[in-house]
Each structure stands twice: as C-alpha cells, then as structure tokens.
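Per-entry structural report
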Amino acid sequence: MTSVTENAQQRIEAYLAKLRGRLRGFNDAEVREVLDELRSHLTDKLAASGQNTPAAVDAALLALGTPEELASQYITDNLLARAEVSRSPLQILKSLFRWASLSIAGFLVLLGSLTGYFLGIVFMLCALLKPFHPRTAGLWIIPDGADDFTISVRLGFGNIPAGREVLGWWIVPFGLVVGCGLVMLTTRFAVWCARRNRRPSVLSRS
Amino acid sequence: MNPRATNDPEPADKWEVQLRKGCLELAILAALWDGKLYGLEILRRLESDSDLIVSEGTVYPLLSRLKALGLVRSEWVESEAGHPRKYYALTAAGKERSREMAGMWARFSSSMSKLLAPLAKGK
C-alpha cells in the first residue's frame, strides 16, 4: 500500500486546487477525471522514489509544470482536438478565450484571431448584403485630406458614403472569397499557434 | 561569413526537438498497441523502447486529446498499490490510425534513408 504523508498530500491538493481553478471550459466530470489521474500519478511517483519529503513532492510537481503551464497544455490540446473534429470558429474562439486567460501568448493569439474572424465575416456580410443594398454596400475609398484616404467596407446601412466605390458588383465574389479565406486562414493560424505553444518537452536521452 | 556556422548548434537541436514532438502521437499510440497502460507506464515505455523522454506535463493533456478524438479509451482500475489508476487502450479508430501512421512513417523513413545514405558513407 502506498503511503503519502499528510504534508505531502496537502502540497499535492494545493497544486491540484490551483489547477482546478485554471481548467476553464472543462465540465465538472472532466475536471474530476484530470485531477484524479494526476493524484494517482503523483502517488505512484512518490512511491517509486521511496520518498515523501517536501523536496520529493516538489520535484514530482515540478515535472508536471506549474498549474498555469499544465492548464495551458490541457486547453491548447483541447483546442487542437476541437479543431481536428469541427474547425468551427466558435469552438476555436471558446478555447482561445480560456487560453487568453492564462497567458499573454494566448491573449495575443486571441486578439489576432478575433481580428481575422471579424474581417472575414465583414467581407462575407458585405458580399451577401450587396444585392439588398446595391447603392450603399461595398468597398469604398473615402478621402481624408489632400493625400490621405480610408478604405471602408460598408454593409449598406445608413447614407451613401462620401467617396468612391471600388469593385462595384465584383464585391460579391471578392467578398465571399476573401471572407472565407480569412476565416480559414485565421483557424489555421490559431491551430498553428496552439501547436507552437506546446512546450519543447520531448528530449533525447543522449 | 555565416555567423551561425561558427558556434551555434542551436538550430539542429531545435530541429531534433520538433522532430521528436512530431513523433509523439505515433509513439504513444504504438506504446498502447500491445495492451492497456496507465500514464506513468506509457512514459516509461517511451523512455525504455524509443529513447523519448517526455515531460509528464505533456503526456497527460495529449492522452486527453487522443481520447477526445476517439483514438483511445480509458478506464479506472483498482491497483495493488491501493489507489485506482487510469488505464488507456486503443479504440478501433486508434488502431486504424496507428497502422496508417506507422505505414507513413516506414515509407518516409525508407525514402529518407536512401537520400541520406551518401551522408552516412561520408562520415
């Protein structure tokens, strides 16, 4: 029978409590499963080392990484699994929000992905709304001064903007292609970042 | 002059790390080919049979992902040590994926070996 001292057990439980608080987006059963598995793993590790000293417990916990690092690994692996199954931007964004709450890297990836999805959806909406607002929806170049101008994607609500419309009806195929392309590229970007985030943790014995 | 050529072995090390990371999924599926194992056993099998030393903080989230993808299933089994352990086993889809990946690996390895043969001779 494996014996874990009370002090060791307290350290393990404190670690698992921190991890529990960071496993956002996992349901109760999934969190319980993760924590039970890690508890079992740590018990085996301590039994194998034959030590229950604070140093041995700390070494076993260090091998797992900090609670933030480990939660980040679970969340990015979860994102990769979701991406492989559905590629749904909503599912990807849900995971990115959780990752963003744990690290600056996750936050930056979320910002980039939100921008990409937003632009993609705006282009697609513009293309879809053009037949309903033929005079006001489209891509416009609006002068801001002598040498300056703004490029504006208009969905067709409000007045006819000052400036010059470019593309005309070509905005329909252009918007659909560019919009879909941006959404797909953003998903690829998010998945690529999640893969890159996984720590370089496979080493050679030599 | 290439500044890296003089004293910077880092790119090769990074490449090796990426190569090993890329193989990890196949390595875990292969470790489960002969039957169910729990997390620590998988880590030890990888270390003893493939020389892959995997961080514990990597393997458990990865097992969770493989389970979400339906490639492995898990069950809790009471152990002689007095606490339950979570065992993983390949599903039918996991076996199929393992075979496919092993085939790809064999073909890739074989073609690379031909390409690399002159380098080995020049050692």
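Quick caveat: nothing in here was measured; it's all calculated off a predicted structure.

**A look at the overall build of chain A**
- Helix and strand content of chain A: 7 helices and 4 strands.
- Sequence-ordered secondary structure for chain A, helices as α and strands as β, is α-α-α-α-α-α-β-β-β-α-β.
- The C-alpha atoms of chain A give 25 Å as radius of gyration, which overshoots the globular expectation for 206 residues (17 Å, by more than 25%).
- Seen through its principal axes, chain A has C-alpha atoms that stretch 80 × 35 × 35 Å.
- The 206 residues of chain A split such that 32% are buried.
- The contacts of chain A with a sequence gap of at least 6 include a subset with a gap of at least 24, amounting to 62%.

**Here's the deal with the environment of Ala 81 of chain A**
- You can see Ala 81 of chain A is positioned in helix H4 (residues 67-85).
- Taking the C-alpha atoms as reference points, Ala 81 of chain A and Arg 39 of chain A, 42 residues apart in sequence, are found 24 Å from one another.
- Ignoring sequence-local partners within four residues, the contact set of Ala 81 of chain A consists of Arg 65, Ala 68 and Leu 69 of chain B.

**Description of the nonpolar core**
- In this structure, Leu 96 of chain A together with Ile 28, Leu 32, Leu 46, Val 59, Leu 63 and Val 72 of chain B are the most contacted members of the largest nonpolar core, which totals 50 residues.
- Shared between two domains, this core takes at least three residues from each, and those domains are domain 1 (1-64) and domain 2 (86-200) of chain A.
- In this structure Leu 96 of chain A touches Gly 106, Val 109, Leu 110, Ser 113 and Ala 190 of chain A, once residues within four positions along its chain are discounted.
- Phe 123, Ala 127, Val 178 and Leu 182 of chain A belong to the second-largest nonpolar core, a separate cluster that totals 10 residues.

**Considerations on the packing of H4 of chain A against helix H5 (residues 89-100) of chain A**
All names here are of chain A.
- In the contact formed by H4 and H5, the axes pass within 9 Å of each other and the chain directions differ by 175°. As the angle between them shows, H4 and H5 are arranged roughly antiparallel. Side by side, H4 and H5 meet where Ser 72, Ile 75, Thr 76, Asn 78, Leu 79, Arg 82 and Ala 83 of the first sit next to Gln 91, Ile 92, Ser 95, Arg 98 and Trp 99 of the second.

**Examining the domain arrangement of chain A**
- With domains assigned, chain A is organised as domain 1 (1-64) and domain 2 (86-200).
- Of note, the centres of domain 1 of chain A and domain 2 of chain A, computed from C-alpha atoms alone, are 44 Å apart.

**Side note on the interface of chain A and chain B**
- Between chain A and chain B, the residue contacts involve 31 residues of the former and 28 residues of the latter.
- Every element with two or more residues in the side of chain A that touches chain B is listed here: helix H2 (28-49), helix H3 (54-64), H4 and strand S4 (202-204) of chain A.
- The leading source of residues in the side of chain A that touches chain B is H4 of chain A, at 10 residues.
- For the side of chain A that touches chain B, a count of residues per class yields 13 nonpolar, 9 polar and 9 charged.

**Considering the sheet that holds strand S4 (residues 84-90) of chain B**
- Pairing is antiparallel in the open sheet, where 3 strands are placed in the order S1-S4-S3 (chain B). The sheet is open, and its two borders are formed by strand S1 (37-38) and strand S3 (72-78) of chain B, each paired with just one other strand.

**Quick notes on the sheet that holds strand S2 (residues 149-155) of chain A**
Residue and element names in this part refer to chain A.
- Sheet architecture is open: 3 strands sit in the order S2-S1-S3, paired in antiparallel fashion. The sheet is open, and its two edges are formed by S2 and strand S3 (164-166), each paired on a single side. Here the strands of the sheet are splayed against their neighbours by 35° on average, with no regard to which way each runs.
- Bridging between strand S1 (residues 137-143) and S3 involves 3 bridges; their strand directions are antiparallel. Residue pairing across strands places Trp 140 opposite Glu 165, the latter belonging to S3.

Parameters at a glance
- Residues numbered from 1 in each chain as written.
- Chains lettered and ligands numbered in written order.
- Predicted model: local features only at pLDDT ≥ 70, side-chain atom pairs only at ≥ 80, totals over all residues.
- Helix = DSSP H or I, 4+ residues; strand = E, 2+ residues; numbered from the N terminus.
- Rg over C-alpha atoms; globule rule 2.2 N^0.38 Å.
- Buried ≥ 20, exposed ≤ 12 C-beta atoms within 10 Å, placed from the backbone.
- Contact = placed C-beta atoms within 7 Å.
- Core = buried A, V, L, I, M, F, W, Y, C linked by C-beta atoms within 7 Å.
- Domains from an automatic or database assignment.
- Axes fitted to C-alpha atoms, helices over the stretch in contact; angles between N-to-C directions.
- Parallel < 35°, antiparallel > 145°, perpendicular 65-115°, else oblique.
- Nonpolar A, V, L, I, M, F, W, Y, C, P; charged D, E, K, R; others polar.
- Pairing = 2+ DSSP bridges.

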